[in-house]
Amino acid sequence: MSGFLIRRLLQAIVLLFIVSMIGFAILHLAPGGPLSQFAASGDMTQADLDRLAAQLGLDRPLPVQYVEWLLRLLGGDWGVSYRDQQPVLKIIAAHIGPTMELMLSSTLLAMLLGAWIGILGAVKRYSLFDSLATIGAMIALSIPTFWFGLVIIYVFSVGLGWLPAGNRFTVGDGSFLNRLHHLVGPCIVLALVSTAVWSRYMRSSMLEVINQDYIRTARAKGLSERYILVRHALRNALLPMITITGLHVPTLLSGALVTETVFTWPGMGRLFLDSISYRDYPTVMGILMLTAVLVLLGSLIADVLYGIADPRIERSGQ
């Protein structure tokens, strides 16, 4: 297992290096740039723009800019935001909390609902519940996240007044209940697609397990159906779901970007869009690298949990 983890870590380092090169090149080769914000105002001359480009290091060749940025990044210096004139790490630290709060809550909700729907659909295969769950999953996978978010706001915020229309908490009231009240809307929206995915995979995995010979043997011994499902079928059915959890991190991050924008949630997704519109290169690259680390870390944790759940993985790794 230790050798497997070392190989995965080395692969992750190589992938991070490739992601940094591609992201840096695409960002700097895109039309416009940080100076376009100043050039559009018309208050600065070309000499002023050239002087500002020299101060920001934008007048150097792109490979030189990349090497300098990478060396600073490895040294713990993620740069200074062009827009806020604050360290990128400080800005990201102020926004990562709301994003993690939204992602963890929606993941927990999606896992619980998805696992329950999938298990019940497998046990009651081809029943009315299974058919409705299948149709509901297809509809959920087809609904755009931004549209569903706007529907939630229109129905439950504007129409019924049950939920806040946006933000993380009410100004002047940062209590736990108030924050939880604001979390309900975006959490439901972000968990929608994840619940559909979890329920489909859980149903397929559970169907494969309950048709195995050892399940038939357990039934032949007279064990109760609930005992068989919980002690024998469920653990083996959850093994593929562990891998899916790690691979689902990119979907959560992309969904959080849209959800945070719709609900004006002060997280990483909204910061990313604002930074792109302002051509804030250091902040965009910082968010990009942090996102890549989270995705690779999620995949690595899934591998570790898979090895814990199935000891055969650990023995084969040795």
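Anything mentioned here points back to the structure above.
These numbers were taken from a predicted model, which means no experiment stands behind them.

A. Spotlight on the overall build of the protein chain. Assigned secondary structure in the protein chain consists of 14 helices and zero strands. Written out in order from the N terminus, the α and β elements of the protein chain read α-α-α-α-α-α-α-α-α-α-α-α-α-α. A burial count over the protein chain gives 38% of its 318 residues as buried. Partitioning the contacts of the protein chain with sequence separation of at least 6, the portion at a separation of at least 24 is 73%. As displayed, the protein chain has an accessible area near 17,500 Å², and 68% of this comes from carbon and sulfur atoms.

B. Main features of the packing of aromatic side chains. All told, the structure shown has seven aromatic pairs when counted by the stated rule. Aromatic pair Phe 156 and Trp 162: ring centres 6.0 Å apart, planes at 40 degrees, arrangement tilted. Trp 162 sits in the exposed class, given a relative accessible area of 55%.

C. Examining a nonpolar patch on the surface more closely. Taken together, the side chains of Val 14, Leu 15, Phe 17, Ile 18, Met 21, Ile 22 and Ile 26 present a nonpolar region at the surface, about 620 Å² in accessible area. For Ile 18, a relative accessible area of 36% gives the class partly exposed.

D. Region of the structure containing helix 12 (residues 268-277). Along helix 12, the residues that are buried comprise Met 268, Gly 269, Leu 271 and Ser 275. Looking down the long axis of helix 12, one finds its buried residues gathered within 160 degrees of arc, a one-sided arrangement. Positive backbone phi, approximately 60 degrees, marks Arg 279, located one or two places after helix 12.

E. Local environment of helix 4 (residues 62-74). Across its 13 residues, helix 4 extends 18 Å between first and last C-alpha, which sits within 8% of the 18 Å expected from 1.5 Å per residue. Within helix 4 the residues assigned to the buried category are Gln 65, Tyr 66, Trp 69, Leu 70 and Leu 73. The buried residues of helix 4 all sit within an arc of 130 degrees when viewed along its axis, so they share a single face. Exposed residues on helix 4 whose side chains face more than 90 degrees from its buried face are Pro 63, Leu 71 and Leu 74. Gly 76 occupies a position one or two residues after helix 4 and carries a positive phi of about 95 degrees.

F. Local environment of the side chain of Asn 178. As for its placement among the helices and strands, Asn 178 is situated in helix 8 (residues 176-210). Asn 178 has contacts with Phe 169, Thr 170 and Asp 173, leaving out every residue within four places of it along the chain.

G. Local environment of the nonpolar core. Trp 69, Trp 78 and Ile 92 are the most contacted members of the largest nonpolar core, which has 19 residues in total. Those elements that place two or more of their residues in this core are helix 1 (2-29), helix 4, helix 5 (88-123), helix 12 and helix 13 (281-309). If one sorts the elements of this core by residue count, helix 13 sits on top with six residues. Core analysis: the second largest hydrophobic core is formed by 16 residues, Met 202, Ala 237, Met 241 and Ile 244 among them.

H. Here's a closer look at the packing of helix 7 (residues 145-159) against helix 8. Running from amino to carboxyl end, helix 7 crosses helix 8 at an angle of 145 degrees, the nearest separation of the two axes being 10 Å. In this structure, the crossing between helix 7 and helix 8 has a hand that is right-handed. Where helix 7 approaches helix 8, its residues Thr 145, Phe 148, Gly 149 and Ile 152 are matched on the opposing element by Gly 185, Ile 188, Val 189 and Leu 192. When the residues that make up the contact of helix 7 with helix 8 are grouped by side-chain class, the tally is five nonpolar, three polar and no charged.

I. Summary view of the environment of Leu 113. Mapped onto the fold, Leu 113 is located in helix 5. The class for Leu 113 is partly exposed, based on a relative accessible area of 38%. Leu 113 sits 85 residues away from Trp 198 along the chain, and the two C-alpha atoms are 8.3 Å apart.

Analysis parameters
Residues numbered from 1 in each chain as written. Predicted model: local features only at pLDDT ≥ 70, side-chain atom pairs only at ≥ 80, totals over all residues. Heavy atoms only, no water. Helix = DSSP H or I, 4+ residues; strand = E, 2+ residues; numbered from the N terminus. Buried < 20%, exposed > 50% of the residue type's maximum accessible area, 1.4 Å probe, protein only. Contact = heavy atoms within 4.5 Å. Areas by Shrake-Rupley, 256 points an atom, 1.4 Å probe, with all protein chains shown as cover. Phe/Tyr/Trp six-rings, centres within 6.5 Å; stacked < 30°, edge-to-face > 60°. Patch = residues over 30% accessible without salt bridge, like charges linked within 9 Å, V, L, I, M, F, W, Y side chains within 5 Å. Salt bridge = Lys/Arg side-chain N within 4 Å of Asp/Glu carboxyl O. Arc of directions from axis to C-beta. Expected span 1.5 Å × (residues − 1). Core = buried A, V, L, I, M, F, W, Y, C linked by side-chain atoms within 4.5 Å. Axes fitted to C-alpha atoms, helices over the stretch in contact; angles between N-to-C directions. Left-handed = near helix turned anticlockwise from the far one by under 90°. Nonpolar A, V, L, I, M, F, W, Y, C, P; charged D, E, K, R; others polar.

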